[in-house]
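Coordinate inspection notes
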Amino acid sequence: MDINKQEGEGRIQVQIRIRPTEEENSCISATETQIILPKTGNSYTYDHIHAATASQQEVYEKVRPIISQFLRGINGTILAYGQTNSGKTHTILGTPEQPGLIRQSATDIFAFINSETRKQFRLTATFIELYNEIIFDLINTNNKPQLRENFTSFFISGADEIEINSEDELLNLIEIGNKNIHFRETIMNQHSSRSHALFRLNIEINNTKDLLSDKKLVATLFFVDLAGSERFSLISSNIQSEKEGSNINKSLLTFRKVVQALSLQQLKQQKMIIKKVGKNESGKGKDEKCKDVKILYDSIDSCLTSDEKVKDFEEDTKDHMFHTEKANQQ
Ligand code: ADP
Ligand code: MG
């Protein structure tokens, strides 16, 4: 498949992956886009449904346009949402034998960068974890990253941002981060079901044909393995987990509101929700909560303007590799 192909472009897509089960009779049936609950006959429609038999490669093909857009300078975010054990980590990260979305995208990203001689790319990555509103650097565990805010956005300071020059370097970074996730798992009970893992890639694209120009595109791609979506009442057995549970729930609820507003094109409402996350309940001052939503702020916020940004850049560079058709804005 051509990496430049903009198949299935859309601002937000919700895809379902059905987890394989050993039971013979599944309680749901599904088409390519609809889940049907046989008991009630109710059906739910999504952008795509991956059957339980879907391979890691098949799932990747359906999110590949996001990687392709990132390489054209458009921000993207891939979130895995679901209960603990539903297959989020398997889908996002996977294993070297069964590579998930991050590992598979590494191959595509460097195939593209190495084939594109008329542009210069600089790729960097951070890999962090958010546990109970505290940020951990999964690359350098000595760091104590903080979420900071400027006039227009939120950003993380104090986490290592590593320059990546090859597919192997990217895979190596994932291994280091993954080892630290497992290490933290061994010292904290049920840790991974209560933390969000965020792998962030940053790309700078320069046009080598026009070295005098300082015009460059910058884009961010997030892969997010969210905490388990099970209800807080199911996981709270003591005060500490109640605190964890309410933080997870608050964040997931805010995500839902932002995504709903985005999908309904309610630009004003979407901005209001994200901005409100930055205030405490009385509407004044700063609220330390919902760091995950804040970390993703730029990526969510700028998808409304990034199509125009790229169009501008492309018109300047007249690059035949990229599609010049107006990107799907809705
Ligand atoms: P989560 O991150 O949502 O808690 P995991 O990704 O860790 O769940 O999946 C739980 C277990 O099920 C893991 O052992 C994983 O390898 C396995 N698993 C999940 N989805 C699949 C799948 N589609 N095919 C094969 N094994 C899967
Ligand atoms: Mg997991």
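Everything discussed here concerns the structure shown above.
Attention in this report is confined to the structure presented alongside it. All figures in this text were calculated on a predicted structure; none of them were measured in a lab. (Residues numbered from 1 in each chain as written. Chains lettered and ligands numbered in written order. Predicted model: local features only at pLDDT ≥ 70, side-chain atom pairs only at ≥ 80, totals over all residues. Heavy atoms only, no water.)

1. What to know about the packing of helix α1 (residues 56-70) against helix α3 (residues 101-115)
Look at α1 against α3: their axes get within 10 Å of each other, and the N-to-C directions meet at 55°. When the axes of α1 and α3 are compared, the pair comes out oblique. Once α1 is placed against α3, the crossing between them reads as right-handed. Counted together, Gln56, Gln57, Val59, Tyr60, Val63, Arg64, Ile67 and Phe70 of α1 and Leu101, Gln104, Ser105, Asp108 and Ile109 of α3 form the full contact between these two elements. Taken together, the residues of the contact of α1 with α3 sort by class into 7 nonpolar, 4 polar and 2 charged. (Axes fitted to C-alpha atoms, helices over the stretch in contact; angles between N-to-C directions. Helix = DSSP H or I, 4+ residues; strand = E, 2+ residues; numbered from the N terminus. Parallel < 35°, antiparallel > 145°, perpendicular 65-115°, else oblique. Left-handed = near helix turned anticlockwise from the far one by under 90°. Contact = heavy atoms within 4.5 Å. Nonpolar A, V, L, I, M, F, W, Y, C, P; charged D, E, K, R; others polar.)

2. Digging into the sheet that holds strand β4 (residues 43-45)
On the basis of which strands lie adjacent, the open sheet formed by 3 strands has the order β2-β3-β4 and antiparallel pairing. The open sheet has two edge strands with one neighbour each: β2 (29-30) and β4. Note: strand β3 (residues 34-36) against β4, 3 bridges, orientation antiparallel. From the neighbouring strand, isoleucine 35 faces β4, where its bridge partner is tyrosine 44. (Pairing = 2+ DSSP bridges.)

3. Points about the nonpolar core
Counting residues in each nonpolar core, the largest one holds 38 residues, and the members touching the most others are Phe70, Ile109, Leu123, Leu170, Phe199, Leu201 and Phe223. Of all elements in the fold, only α1, β6 (76-80), α3, β7 (119-131), α4 (167-187), β12 (195-207) and β13 (216-225) reach the threshold of two or more residues within this core. With 7 residues, the single largest contributor to this core is α3. In this view, leucine 170 contacts Ile102, Ala106, Phe110, Leu123, Ile164, Phe199 and Leu201; residues no more than four positions away in its chain are not counted. Listed in part, the 10 residues of the second largest apolar core include Leu130, Leu147, Val224 and Leu226. (Core = buried A, V, L, I, M, F, W, Y, C linked by side-chain atoms within 4.5 Å. Buried < 20%, exposed > 50% of the residue type's maximum accessible area, 1.4 Å probe, protein only.)

4. Thoughts on the site of ligand 1
Looking at ligand 1, the residues that line it are Arg17, Arg19, Pro20, Gln83, Thr84, Asn85, Ser86, Gly87, Lys88, Thr89 and His90. Arginine 19 is positioned with one of its side-chain polar atoms (N or O) 2.7 Å from an oxygen atom of ligand 1. Residue serine 86 places a main-chain N or O atom 3.2 Å away from an oxygen atom belonging to ligand 1. Relative to its free-state accessible area of 560 Å², ligand 1 is covered by the protein chains to the extent of 66%. Take the shell around ligand 1: its biggest share by element is 3 residues, from helix α2 (residues 88-92). Grouping the amino acids of the shell around ligand 1 by side-chain chemistry returns 1 nonpolar, 7 polar and 3 charged. (Near = heavy atom within 4 Å. Polar contact = N/O pair within 3.5 Å; in protein donor to acceptor, adjacent residues only side chain to side chain. Areas by Shrake-Rupley, 256 points an atom, 1.4 Å probe, with all protein chains shown as cover.)

5. Notes on the pairing of β13
In terms of residue burial, β13 counts as a mostly covered element, since 8 of its 10 residues are buried. Direction of pairing for β12 relative to β13: antiparallel, over a ladder of 10 bridges. Bridge pairing in β13 places isoleucine 205 opposite leucine 217.

6. Observations concerning the packing of aromatic side chains
This structure, assessed with the given rule, holds 3 aromatic pairs. Relative to phenylalanine 121, the ring of phenylalanine 112 has its centre 6.0 Å away and its plane inclined at 75°; by these criteria the two rings are edge-to-face. Taking the relative accessible area as the measure of exposure, phenylalanine 121 reaches 19% and is therefore buried. Ring plane angle 85° and centroid distance 5.1 Å describe the contact between phenylalanine 127 and phenylalanine 199, whose orientation is recorded as edge-to-face. You can see phenylalanine 127 sitting in strand β7 and its partner phenylalanine 199 sitting in strand β12, a full 72 residues away along the chain. Judged by its relative accessible area of 0%, phenylalanine 199 is buried. (Phe/Tyr/Trp six-rings, centres within 6.5 Å; stacked < 30°, edge-to-face > 60°.)

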